[in-house]
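Inside the fold
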Amino acid sequence: YVEVIDDNPATAKNFDIDAAVTKQRVLATSGPFITLAKGTVDATVQMKIQGPSWMPVESVTLYTDGIEDTVLELKPYDNDPVRYDGIVTLKNNAATWGVAVVRSESSPKPYLKAKPRAVSSVLYLTD
């Protein structure tokens, strides 16, 4: 996914797509959707994980400065498409950037043969 103003792929402009990629407004996913934002308090991240009800979403790992910081175990299946929505306090309170990775060790056959994965774009934690 690439975040642009016009969400219609047929009319999205190349310039807007290039700008979104440069600003790291992208998400690599086979289904789960990650939204990351700086928290309102230092050393916190607002994180939202979403996925369809038929797709297992089992964990999210937040890496800061390339090192595993926080792992959250999630309920694999949930009738609510929002699997997690909250604030994570970082263990590395001096971190300059973070990336979230969503994983599942099971496959939601017959809908998808692969194990669901998602990787957020980089979230810069300093100004």
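Residues numbered from 1 in each chain as written. Predicted model: local features only at pLDDT ≥ 70, side-chain atom pairs only at ≥ 80, totals over all residues. Heavy atoms only, no water.

**A short note on the sheet that holds strand 3 (residues 44-50)**
Strand-to-strand pairing in sheets goes through backbone hydrogen bonds, with the strands running parallel or antiparallel. Here three strands make up an open sheet; going across it, the order is 2-3-6 and the pairing antiparallel. Among the strands making up the open sheet, the edge pair consists of strand 2 (33-38) and strand 6 (82-89). Averaged over neighbouring strand pairs, the angle between their axes works out to 10° when direction is ignored. Bridge analysis of strand 3 against strand 6 gives seven bridges, and the strand direction is antiparallel. The residue of strand 6 that forms the bridge with V45 is V88. (Pairing = 2+ DSSP bridges. Helix = DSSP H or I, 4+ residues; strand = E, 2+ residues; numbered from the N terminus. Axes fitted to C-alpha atoms, helices over the stretch in contact; angles between N-to-C directions.)

**Examining unusual backbone geometry**
With a phi angle near 60°, Q24 is a residue other than glycine that sits in the positive phi range. By the secondary structure assignment, Q24 is in the loop between helix 1 (14-22) and strand 1 (27-29). Look at Q24 and you get partly exposed, because its relative accessible area is 24%. The phi dihedral of D65 falls on the positive side, at around 50°, and the residue is not glycine. In this fold, D65 is placed in the loop between strand 4 (59-64) and strand 5 (67-73). (Buried < 20%, exposed > 50% of the residue type's maximum accessible area, 1.4 Å probe, protein only.)

**Notes on the environment of L36**
The topology assignment puts L36 in strand 2. For L36, the residues in contact, after removing those within four places along its chain, are V45, Q46, M47, V99, A100, S120, S121 and L123. (Contact = heavy atoms within 4.5 Å.)

**Some words on the pairing of strand 8 (residues 117-120)**
Because side chains alternate across strand 8, one face comprises the buried residues A118 and S120, and the other comprises R117 and V119, none of which is buried. Looking at chain direction, strand 1 and strand 8 are connected through three bridges and run antiparallel. Note on strand 8: the bridge partner recorded for T29 is A118. The sheet contact formed by strand 7 (residues 97-103) and strand 8 spans three bridges and is antiparallel. Of the residues in strand 8, the one forming a bridge with R103 is R117.

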